[in-house]
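Close look at the chain arrangement
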Amino acid sequence: MQLGIIGLGRMGGNIARRLMANGHSCIVYDTRKSAVDELAREGASGASDLSNFTAQLQKPRAVWIMLPAGEITENTITEISSLLQPGDILIDGGNSWFRDDIRRARMLQAKGIHFIDVGTSGGVWGLQRGYCMMIGGEHGPVEHLDPIFAALAPGMAGVPPAEGRAPGGTAERGYLHCGPAGAGHFVKMVHNGIEYGLMEAYAEGFDILRHATTAAREEEQYRLDLPEVAELWRRGSVIGSWLLDLTASALAEDPELSGYTGYVDDSGEGRWTIMAAIETGVPADVLSAALYSRFRSRGESMFANKLLSAMRHKFGGHIEPKHDG
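None of the values given here were measured: they were computed from a predicted structure.

Here Ala290 lies in helix α13 (residues 285–297). Relative accessible area serves as the criterion here: at 2%, Ala290 is assigned to the buried category. Each C-alpha atom of the pair Ala290 and Ala201 lies 8.3 Å from the other, and the pair is 89 residues apart in sequence.

Structural data, given as structure tokens:
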């Protein structure tokens, strides 16, 4: 199957690579010619601009946009939609706000263009591990793209269905049609809000372990080997997870996390999750506190914040933004 991909950053480029490795063909475009050329050398068909990009796609065209949420995605959807035709499919695989999806779906529907929102989790590891995808949109276009989703997803990956769950469906293979327009990004939004909470719990826990040397009673002043504790918890512990695996890796490389300032950014989904919690009347104490902790990190350099930064870098390749101070 053929797919056009716009945006060849940390995830977009690897999405193209995973698809090509599974026998699909990709037409790729990015404003950085070097990114296009690199993938062209690996077997993709590069495009010089959006007109050239659209001309290379077979009808009905399927275009996957993998760009940061906000203005750049909005502008790209507006521009590419002017080049598409009725029956074509436009996919936003980034982290857009679900209400923007609903608005965009209505706008594109008037042109006869199908819109699909795909919350995509997997970060820089998706090429080898596969991507977990939360999908919103009309059934027909989603079903049409099933070969694409199946190739990108991790598959069963040796993990049996949850106990008590009847086998079958796509969720056990790593992707799910969650509902109409916006549903995919809504589920991904809450997924990322939970991610904030999990990361904060690990960061605070390791910060307590690190400061055990400052206990009031001398006999309780423990000097703990944090990399070894992290490695220990990876094996048989109830709190084992991929985030803990990445934490253990970061601590093994640099126990003091001296390469991080502790400035923890947020990409919007945590804020939107709290907004949804407020609007639906659902208490979200942990998720709210985790978001506020990120705000606080921008004025303080705590070990916990450094560990949060280390985890973000490990799973998503996120680089701490430069800031004054």
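So, on to the pattern of salt bridges. Within the structure shown, the criterion is met by 20 salt bridges. A salt bridge links Glu256 to Arg210, with the nearest nitrogen and oxygen atoms 3.0 Å apart. Here Glu256, found in the loop between α11 (242–253) and α12 (269–280), pairs with Arg210, found in helix α9 (residues 183–210); they are 46 residues apart in sequence, far enough to count as distant. Given the relative accessible area of 45%, Glu256 is considered partly exposed. Looking at Arg210, the relative accessible area reads 33%, which means it is partly exposed. What emerges from the salt-bridge pattern is a single network uniting Glu74, Asp92, Asp100, Arg103 and Arg104.

This brings us to the pairing of strand β1 (residues 2–6). With five of its five residues buried, β1 lies for the most part within the structure. Side chains Gln2, Gly4 and Ile6 project from β1 onto one buried face, and the interleaved Leu3 and Ile5 project onto a second face that is buried too. For the handedness criterion, the β-α-β arrangement of β1, helix α1 (residues 12–21) and strand β2 (residues 25–29) is classed as right-handed.

For Gln109, the location among the structural elements is in helix α5 (residues 98–109). Accessibility expressed as a relative area gives 57% for Gln109, which makes it exposed. Through-space distance from the C-alpha of Gln109 to that of Gly87 is 9.7 Å; in sequence the pair is 22 residues apart.

A few words now on the pairing of strand β7 (residues 132–136). Burial within β7 is extensive, with four of its five residues counted as buried. Sheet analysis places strand β6 (residues 114–121) next to β7, joined by five bridges and oriented antiparallel. Following the sheet pairing, Ser121 is matched in β7 by Cys132. In the sheet, β7 pairs with strand β8 (residues 175–179) via four bridges, with the strands oriented parallel.

What describes two packed helices is the angle between their axes and the distance between those same axes. At a minimum axis separation of 8 Å, α9 and helix α14 (residues 303–316) run at an interaxial angle of 135°. In terms of orientation, α9 lies oblique with respect to α14. Pair α9 / α14 crosses with right-handed handedness. Contacts from Glu195, Met199, Glu200, Tyr202, Ala203, Glu204, Phe206, Asp207 and Arg210 of α9 reach α14 at Phe303, Ala304, Leu307, Leu308, Met311, Arg312 and Phe315. Class assignment for the residues of the contact of α9 with α14 results in 10 nonpolar, no polar and six charged.

Let us look at the side chain of Lys188. Within the secondary structure layout, Lys188 lies in helix α9. One buried charged residue, Lys188, remains without a salt bridge, the closest side chain of opposite sign being Glu269 at 5.2 Å. Among all residues touching Lys188, those that are not within four sequence positions of it are Asn95, Gly119, Thr120, Ser121 and Met134.

The subject of this paragraph is α14. For α14, which comprises 14 residues, the first-to-last C-alpha distance of 20 Å matches the rise-based estimate of 20 Å (1.5 Å per residue) to within 8%. Taking burial as the measure, the 14 residues of α14 include 12 buried ones, the bulk of the element. Of the positions making up α14, those classed as buried are Phe303, Ala304, Asn305, Leu307, Leu308, Ser309, Ala310, Met311, Arg312, Lys314, Phe315 and Gly316. Looking at the buried residues of α14, the elements they touch are α9, α10 (226–233), α11 and α13.

A few words on the state of the cysteines. A full pass over the atoms with the stated rule returns zero disulfides. Not engaged in a disulfide, the cysteine Cys132 finds its nearest cysteine sulfur in Cys178; these two sulfurs lie 8.7 Å apart. Relative accessible area serves as the criterion here: at 35%, Cys132 is assigned to the partly exposed category.

Let us look at the packing of aromatic side chains. The geometry of an aromatic ring pair comes down to the distance between the two centres and the angle between the two planes. Under the counting rule described, the total for this entry stands at eight aromatic pairs. The interplanar angle of 80° and the centroid separation of 6.2 Å between the aromatic rings of Trp97 and Phe98 together place this pair among those described as edge-to-face. Residue Phe98 is classed as buried on the basis of its relative accessible area of 15%. In this structure an aromatic cluster arises from ring pairing among Trp97, Phe98, Phe186 and Trp272. Here the basic side chain of Arg129 rests over the ring of Trp242, its NZ or CZ set 4.0 Å away from the ring centre.

Below, the discussion takes up the packing of α9 against α10. Look at α9 against α10: their axes get within 11 Å of each other, and the N-to-C directions meet at 135°. With respect to their mutual orientation, α9 and α10 come out oblique. Classified by chirality, the crossing of α10 by α9 is right-handed. On the side of α9, the interface is formed by Phe206, Leu209 and Arg210, while α10 contributes Leu226, Val229, Ala230 and Trp233. For the contact of α9 with α10, the class distribution of residues is six nonpolar, no polar and one charged.

Calculation criteria
Residues numbered from 1 in each chain as written. Predicted model: local features only at pLDDT ≥ 70, side-chain atom pairs only at ≥ 80, totals over all residues. Heavy atoms only, no water. Helix = DSSP H or I, 4+ residues; strand = E, 2+ residues; numbered from the N terminus. Buried < 20%, exposed > 50% of the residue type's maximum accessible area, 1.4 Å probe, protein only. Salt bridge = Lys/Arg side-chain N within 4 Å of Asp/Glu carboxyl O. Right-handed = clockwise from strand over helix to strand, strands pointing away. Pairing = 2+ DSSP bridges. Axes fitted to C-alpha atoms, helices over the stretch in contact; angles between N-to-C directions. Parallel < 35°, antiparallel > 145°, perpendicular 65-115°, else oblique. Left-handed = near helix turned anticlockwise from the far one by under 90°. Contact = heavy atoms within 4.5 Å. Nonpolar A, V, L, I, M, F, W, Y, C, P; charged D, E, K, R; others polar. Lys, Arg positive; Asp, Glu negative; His and termini not counted. Expected span 1.5 Å × (residues − 1). Disulfide = S-S within 2.5 Å. Phe/Tyr/Trp six-rings, centres within 6.5 Å; stacked < 30°, edge-to-face > 60°. Lys NZ or Arg CZ within 6 Å of the ring centre and 35° of its normal.

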